[in-house]
Amino acid sequence: MSFQGYSEDTRAFFMALRFNNNREFFAQNRDWYLRDVRAPSLDLAQALCGVIERIDPEMETRPQRVLARINRDTRFSRDKSPYRDHVWLSFRRPCEEKGKTPGFYLEIGAEDVSFGMGFYALNRPLMNALRRRMRLAPEEPAAICAALAGEFTLYGEAYRRLAVPEELPKILRPLYVRKAFYFEKTLPFSHAKSPALAREIGEGFLRLAPLYAYVRACPPEEEDFQ
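Computed from a prediction, not measured in an experiment: that's the story for all the values here.

Asker: How should I be thinking about the state of the cysteines in this particular structure?
Answerer: Each disulfide consists of a covalent bond between the sulfur atoms of two cysteine residues. In the structure shown here, the tally under the stated rule is zero disulfides. The structure places no disulfide on Cys 49, whose sulfur is separated from the nearest cysteine sulfur, that of Cys 95, by 19 Å. Not engaged in a disulfide, the cysteine Cys 218 finds its nearest cysteine sulfur in Cys 145; these two sulfurs lie 12 Å apart. Classification of Cys 218 as buried rests on a relative accessible area of 3%.

Asker: Mind showing me how you'd approach the packing of helix H6 (residues 139-148) against helix H8 (residues 196-216) here?
Answerer: Packed helix pairs are specified by the crossing angle of their axes together with the interaxial distance, meaning the distance between the axes. Contact geometry of H6 with H8 gives a least axis separation of 9 Å together with a crossing angle of 150°. Between H6 and H8, the angle is such that the two are roughly antiparallel. With respect to the hand of their crossing, H6 and H8 are arranged in left-handed fashion. On H8, the residues that touch Glu 140, Pro 141, Ile 144 and Leu 148 of H6 are Arg 207, Leu 208, Pro 210, Leu 211 and Tyr 214. For the contact of H6 with H8, a count of residues per class yields seven nonpolar, no polar and two charged.

Asker: I would appreciate a short explanation of the nonpolar core in the present structure.
Answerer: For soluble globular proteins, nonpolar side chains are generally found buried alongside one another. In terms of nonpolar packing, the biggest core is built from 66 residues, with Phe 104, Leu 106, Ile 108, Phe 181 and Phe 205 touching the most fellow members. Once you skip the residues sitting within four places of it in the chain, Phe 205 turns out to touch Leu 48, Val 51, Ile 52, Ile 55, Phe 91, Phe 104, Tyr 105, Leu 106, Phe 115 and Gly 116.

Asker: What is the right way to look at the pattern of salt bridges in this model?
Answerer: For side chains of opposite charge, pairing can occur when their charged atoms come near one another. Counted according to the given criterion, the structure contains 13 salt bridges. A salt bridge links Arg 62 to Glu 60, with the nearest nitrogen and oxygen atoms 2.8 Å apart. Arg 62 sits in the partly exposed class, given a relative accessible area of 45%. Here Glu 60 falls in the buried class, since its relative accessible area comes to 13%. Ionic pairing is found between Glu 96 and Arg 216, a salt bridge with its closest N-O pair at 2.7 Å. Residue Glu 96 is found in the loop between strand E1 (87-91) and strand E2 (103-108), and its partner Arg 216 is found in helix H8; the two are separated by 120 residues along the sequence. Linked by salt bridges that have partners in common, Arg 18, Asp 85 and Glu 111 make up one network.

Quick notes on the rules
Each chain carries its own residue numbering, running from 1 in the written order of its sequence. Totals for whole chains, interfaces and linings use every residue, but because this is a predicted model, local features are given only for residues with pLDDT of at least 70 and side-chain atom pairs only at 80 or more, for both listing and counting. Hydrogens are left out, water is left out, and the side-chain values use all remaining heavy atoms of the structure. In what follows, a disulfide is any cysteine sulfur pair within 2.5 Å. For the exposure calls, accessible area comes from a 1.4 Å probe over protein chains only, and a residue counts as buried if that area is under 20% of its type's maximum, exposed if over 50%, partly exposed in between. Here an axis means a line fitted to C-alpha atoms, over the contact stretch when the element is a helix, while the angle between two N-to-C directions is reported on a 0 to 180 degree scale. Each helix corresponds to a stretch of at least 4 residues labelled H or I by DSSP, and each strand to a stretch of at least 2 residues labelled E; elements are numbered beginning at the N terminus. An angle below 35 degrees is read as roughly parallel, one above 145 as roughly antiparallel, one from 65 to 115 as roughly perpendicular, and any other as oblique. Crossing handedness is read from the near helix: turned anticlockwise from the far helix by less than a right angle, it gives a left-handed crossing, and turned clockwise, a right-handed one. Contacts are assigned to residue pairs that have any heavy atoms within 4.5 Å of one another. For this classification, Asp, Glu, Lys and Arg are treated as charged, while Ala, Val, Leu, Ile, Met, Phe, Trp, Tyr, Cys and Pro are nonpolar and the rest, including Gly, are polar. What is meant by a nonpolar core is a set of buried Ala, Val, Leu, Ile, Met, Phe, Trp, Tyr and Cys residues, joined one to another through side-chain atoms within 4.5 Å. Basic side-chain nitrogens of Lys or Arg form a salt bridge, by our definition, when they fall within 4 Å of a carboxyl oxygen of Asp or Glu.

Here you go:
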């Protein structure tokens, strides 16, 4: 089935789960989850797979693998809530360590929809290589970042004392100091209720694709280059 959008019942489920985050509630409302959360999420993943395959045919696009389980891994978290109160979909190469290499993602919750590209876990060799390329030939990454400005916001933990070359273009400086990074765009939940959400996210992914390809072309470097 093609993606038809989420509904107010989807939003209501997220809100109810937020205030009743326990196994008893979920067991009693499993059909609600399957109908109004899981089913449209699988349809959305399917609708986006064509765009992802154009960007990188090595990425996982099977909807059941793209859609994260609603069950949370609480082993190393202080928050022992058993379920996510949102939907998480991620497109990445299955052979790579999760969170350490660039991929595309989207999250849908009760308030909004966010989607983007990047990675959140420390990968010093990859960022070393990215910084080297930015220093030696800043024109290309500067143009790529300029094309994203005003639409996507840069996130990720930054080094506090990393020296930034004076000649580096201003637009590259926030990216240069990151330990990991992701560019993200946020939309109100009302966008999630339209079938056009798949097109909107797909177009956003395509705008992020040049940066994805640029980072992919950086061979990891164990030692930083100065």
